Amino acid sequence: MKAKIKYLALVLVLSLLLPLAGCGQLSGRDRILETLESQSFSIGFRDGDYVQYYVEAALKVLAADGTVQRTAMKWFGEDKTSFSKDIDALEKVGTAAYRTLLVGVDTDVFPMSYMENGSYTGFDVELAREICTRLGWDVMFIPIKAENAYVELSSGNIDVAWGGLVLDNSEGKFETLPPYLSNDIALVTLADGGAKTLRGLNGQSLGITTESKFIEALSADEKLMNRFDQIKRLTGGSKALLDALTSRQVDAIIVYSISLAYYG
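Residues numbered from 1 in each chain as written. Predicted model: local features only at pLDDT ≥ 70, side-chain atom pairs only at ≥ 80, totals over all residues. Heavy atoms only, no water.

Thoughts on the overall build of the protein chain
Looking only at helices and strands, the protein chain features 10 helices and 14 strands. Residues counted as buried form 45% of the 264 residues belonging to the protein chain. Sequence separation of at least 24 residues holds for 74% of the intrachain contacts in the protein chain that already meet a minimum separation of 6. Counting every atom, the protein chain has about 13,300 Å² of accessible surface; 50% of that belongs to carbon and sulfur. (Helix = DSSP H or I, 4+ residues; strand = E, 2+ residues; numbered from the N terminus. Buried < 20%, exposed > 50% of the residue type's maximum accessible area, 1.4 Å probe, protein only. Contact = heavy atoms within 4.5 Å. Areas by Shrake-Rupley, 256 points an atom, 1.4 Å probe, with all protein chains shown as cover.)

This is the structure:
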């Protein structure tokens, strides 16, 4: 009898799941049709710069006392970060001399770091401010791109590259902390009324930013690119793309998956 009940329960679950097969991953009001590229965000420092040790120690404390988790819940609805935890980390490195920390951020990576009403905001921006509060430092944000991180660091224009940055340190030109958050470049439609398959995109419009990484991700799949009747290049980063999709100015967008968590 118990075996029969388990079998019937399994059949019921499968009957509920089968209609969803092939429809893509749903994320709140959006549907991820395909992941074009996977990546991870990192934090970079000048090689041997003492700033790294204080920032890293403060991050460990914030992770241990729940600040990182609360901030992640605010921006993403869950905490998928992987910062190391040590509540005593700041005591171990000692008192930090006062300074203004120059933080390089990409302002087109919503909701990690972006501009709103003339001010810097986002998950990474909030954590950087909290770190400086713990260290007794001031903070200044400077817009950069990930591909320029080494030049910005080595020239002294910034002290830390951190703000929606995917850093390539394969040549060992600077120091990086272990990646702290995974992210995808994803092809997205609306869950309600949007295309459910790649074939459904034929003849529709696509919104994409002017940034090279998104354009390269699309260009790598010529068959996908040719499905669209119109490709609109929009300024304003991921936030502008999501707004355009929601208002149905475009039928699909290529955007960071982490952006969807904010709206979800």
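Details of the packing of helix α2 (residues 51-64) against helix α5 (residues 123-135)
The geometry of α2 relative to α5 is characterised by a closest axis approach of 9 Å and an angle of 105 degrees between their N-to-C directions. Accordingly, the angle class assigned to the pair α2 and α5 is roughly perpendicular. Residues Y54, V55, A58, L59, V61 and L62 of α2 form the contact with α5, whose participating residues are L127, E130, I131, R134 and L135. Here the contact of α2 with α5 is built from residues that sort into nine nonpolar, no polar and two charged. (Axes fitted to C-alpha atoms, helices over the stretch in contact; angles between N-to-C directions. Parallel < 35°, antiparallel > 145°, perpendicular 65-115°, else oblique. Nonpolar A, V, L, I, M, F, W, Y, C, P; charged D, E, K, R; others polar.)

A few points about the side chain of Q52
In this fold, Q52 is placed in helix α2. Once residues lying within four places of it in the same chain are set aside, the contact partners of Q52 are F45, E175 and L177.

As for the sheet that holds strand β6 (residues 113-116)
If you walk across this open sheet you meet the three strands as β5-β6-β7, and the pairing is antiparallel. In this open sheet, the two strands that pair with only one neighbour each are β5 (108-109) and β7 (119-121). In this structure, β5 lies alongside β6, joined through two bridges in antiparallel fashion. Paired with D108 across the bridge in β6 is Y114. (Pairing = 2+ DSSP bridges.)

Considerations on helix α7 (residues 212-219)
For an α-helix, 3.6 residues make a turn, and residues three or four places apart therefore share a direction. If you check which residues of α7 are buried, you get F214, A217 and L218. One face of α7 carries all of its buried residues, which in axial projection span an arc of 95 degrees. Among the structural elements, β2 (30-41), β11 (181-190), β12 (205-209), α8 (222-225), β13 (230-234) and β14 (252-256) are those in contact with the buried residues of α7. (Arc of directions from axis to C-beta.)

Topic: the nonpolar core
Ranked by size, the top nonpolar core spans 66 residues in total, and within it I43, M112, W137, W162, Y180 and L187 carry the most contacts. The contacts of W162, once residues within four sequence positions are left out, are I43, L59, V103, G104, V105, D124, L127, A128, I131 and Y180. Grouped together as the second largest cluster of nonpolar side chains are 11 residues, L102, A146, A149 and A161 included. (Core = buried A, V, L, I, M, F, W, Y, C linked by side-chain atoms within 4.5 Å.)

Here we look at helix α9 (residues 237-246)
Every buried residue of α9 is listed here: G237, S238, L241, L242, A244 and L245. The buried residues of α9 occupy an angular sector of 160 degrees when the element is viewed end-on, so they sit on one face.

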